[in-house]
Amino acid sequence: MSVPVPGSPGLPEPLSRPGGTAGAAPWLTVDRSVVSVALVFPMRGPAGMFGPTCELCAQLAVEEVNRAGGVLGRELRLVPVDGGAPPAEVAAEVEALVSTGAVQGVTGWHISSVRQAVAPRIAHRVPYVYTALYEGGERTEGVFLTSETPDAQLRPAMRLLAREQGVRRWYVVGNDYVWPRRTAQAAQRYARDDGARVCGRDFLPLGTEDFGPVLRAVERTEADAVLMLLVGADAVRFNRAFGRSALDQRCLRLSTLMDENMLMASGVGGTRRLFSTAGFFAGLVTRENLDFHGAFARRFGVDAPPLGSLGESCYEGVMLLAALITRARTLDVRAIGAAAEAVTYHGPRGELHLRHRHVRQRIYLAEADGLDFTVLSQL
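Residues numbered from 1 in each chain as written. Predicted model: local features only at pLDDT ≥ 70, side-chain atom pairs only at ≥ 80, totals over all residues. Heavy atoms only, no water.

1. A closer look at the packing of aromatic side chains
Argument step 1. A full pass over the atoms with the stated rule returns 10 aromatic pairs.
Argument step 2. Pairing Tyr128 with Tyr130 gives two aromatic rings, centres 6.4 Å apart and planes at 75°, and the pair type is edge-to-face.
Argument step 3. With centroids separated by 5.4 Å and ring planes inclined at 80°, the aromatic side chains of Phe211 and Phe238 adopt a geometry described as edge-to-face. With Phe211 in the loop between β7 (197–204) and α6 (212–221) and Phe238 in helix α7 (residues 233–245), this pair connects stretches of sequence that are 27 residues apart. (Phe/Tyr/Trp six-rings, centres within 6.5 Å; stacked < 30°, edge-to-face > 60°. Helix = DSSP H or I, 4+ residues; strand = E, 2+ residues; numbered from the N terminus.)

In structure tokens, the structure reads:
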């Protein structure tokens, strides 16, 4: 299934962009009557498939904030930055925007290697709300985090699958960067604690297309389950290959990064015995989530990209950033940090609170049912 992008019939035009090159700040005229926020999200690469949903969800949040009076009495605006570029390039572009005063905050979904490049250069100067699930341990001053970490997300999911599905042998397949590698280390500890073990690991470059050798290794080890730590299109290609190999007849998969867009792209044949764990699923039946779906559909129409956890995280990133600034009554990042423990905000997951600069949240386990997720339990 193809996913429509902004600019297609029925969708709004995308936000104007500086061209995606480092040092692009001069194209902006600094406007002191607005609060501008760099929205860093992937426009290319394996994670580029998330881009349209991330952008539209963030845009919806900005419009809601502005209808409620903006931030510090000023209009909130987004400045898109391509988070799918090489991390050093992303960091240079974001730093240029901050240094010229073109943006007063940063948010968005992007992989951990981008966060690690960006945070040391800007987080002590402006608030930085990072919305992607990650490996844990981020302590840079000025960084606030809305999504899942392995201890709350992966550990209970592995435990439940061990108990309910009899999983004793795990095989880890991930992309080759910090999030998959550190999460795999955590998974090895979690498996050992539950009397299971990791019987193999493979880390592959972003953009991998041939998963044949990995699938053969999974089969040789007689693994009960594969822990997928793959990003976007890589996960989609792996799911398709997994389905064609018929390994799903004896081996389940668990992903901590699998949203509805990825599920649709994988196809029915690639989603049998596929489990996902996350803090948000589009199919959760709550008043807040139904309201979110309604607002998104009214604003962007029925042809908009499907809602999923990654896009929803960008909505929350804008809402948390607005709440942090409003609570501190200033754009000063030190004052924002000092007031952060008292911050709450509302979104599709209800009212959420910060604790030690991380959002406290409920985590769910779901199983793919064709091209939809069925939520099985709260972890």
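2. Quick word on the environment of Arg77
Argument step 1. Examined against the element boundaries, Arg77 turns out to sit in strand β2 (residues 75–82).
Argument step 2. Using a relative accessible area of 37% as the deciding quantity, one classes Arg77 as partly exposed.
Argument step 3. Along the backbone, Arg77 and Glu63 are 14 residues apart, and their C-alpha atoms lie at a distance of 8.9 Å.
Argument step 4. Discounting chain neighbours no more than four positions away, the residues touching Arg77 are Asp31, Val34, Val35, Ser36 and Val37. (Buried < 20%, exposed > 50% of the residue type's maximum accessible area, 1.4 Å probe, protein only. Contact = heavy atoms within 4.5 Å.)

3. Considering the pairing of strand β1 (residues 34–41)
Here is the key point about a regular strand: its side chains alternate between the two faces of the sheet.
Argument step 1. Burial runs high along β1: eight of the eight residues are buried.
Argument step 2. Burial along β1 is two-sided: Val34, Ser36, Ala38 and Val40 and Val35, Val37, Leu39 and Phe41, pointing in opposite directions, are all buried.
Argument step 3. By the bridge criterion, eight bridges tie β1 to β2 in an arrangement that is parallel. Each residue of the ladder has a partner; that of Leu39, found in β2, is Pro80.
Argument step 4. Chirality of the crossover, the property in question, places the unit of β1, helix α1 (residues 51–67) and β2 among those that are right-handed.
Argument step 5. Here β1 pairs with strand β3 (residues 105–108) via three bridges, running parallel. Bridge pairing in β3 places Leu39 opposite Thr107. (Pairing = 2+ DSSP bridges. Right-handed = clockwise from strand over helix to strand, strands pointing away.)

4. Section: the environment of Glu55
Argument step 1. Turning to its location among the elements, Glu55 is positioned in helix α1.
Argument step 2. By relative accessible area, which is 2% here, Glu55 ends up buried.
Argument step 3. Along the backbone, Glu55 and Val40 are 15 residues apart, and their C-alpha atoms lie at a distance of 9.2 Å.

5. Considerations on the environment of Gly48
Argument step 1. Along the chain, the position of Gly48 falls in the loop between β1 and α1.
Argument step 2. With relative accessibility at 17%, the residue Gly48 sits in the buried group.
Argument step 3. C-alpha separation for the pair Gly48 and Gly232, spaced 184 residues apart in sequence, amounts to 7.5 Å.
Argument step 4. Not counting residues up to four positions away in its chain, the partners in contact with Gly48 are Pro42 and Met43.

6. Describing the sheet that holds strand β8 (residues 225–229)
Argument step 1. What the seven strands build is an open sheet, ordered β7-β6-β8-β9-β10-β14-β15; its pairing is mixed. Each edge of the open sheet carries a strand with a single partner, namely β7 and β15 (372–378). Adjacent strand axes in the sheet meet at a mean angle of 25° when their direction is disregarded.
Argument step 2. As paired elements, strand β10 (residues 274–278) and strand β14 (residues 364–369) share four bridges and run antiparallel to each other. Bridge pairing in β14 links Phe275 to Glu367.
Argument step 3. Along the sheet face, helix α5 (residues 178–193) touches β6 (169–175), β7 and β8 and points at about 175° away from the line of β7.
Argument step 4. Against the sheet, α6 makes contact with β6, β7 and β8, and its axis sits at roughly 165° relative to β6, the strand it touches most. (Axes fitted to C-alpha atoms, helices over the stretch in contact; angles between N-to-C directions.)

7. A few points about the confidence of the model for the protein chain
Argument step 1. Averaged over the protein chain, the pLDDT score is 91; the fraction of residues at 70 or greater is 92%.
Argument step 2. Scored below 50 in pLDDT, residues 1–14 makes 32 contacts in the model with residues more than four places away or belonging to other chains.
Argument step 3. Within the model, pLDDT remains below 50 along residues 16–27, and this stretch shows 24 contacts once partners closer than five positions in the same chain are excluded. (pLDDT = per-residue confidence, 0-100.)

8. Quick look at helix α2 (residues 87–99)
Along an α-helix, a turn takes 3.6 residues, which lines up residues three or four apart on a common side.
Argument step 1. Helix length check: α2 (13 residues) gives 18 Å between terminal C-alpha atoms against 18 Å at 1.5 Å per residue, within 8%.
Argument step 2. Tucked into the core, α2 has its buried residues touching β1, β2, β3 and α3 (112–122).
Argument step 3. Within two residues after α2, Gly101 carries a phi angle of roughly 80°, on the positive side. (Expected span 1.5 Å × (residues − 1).)

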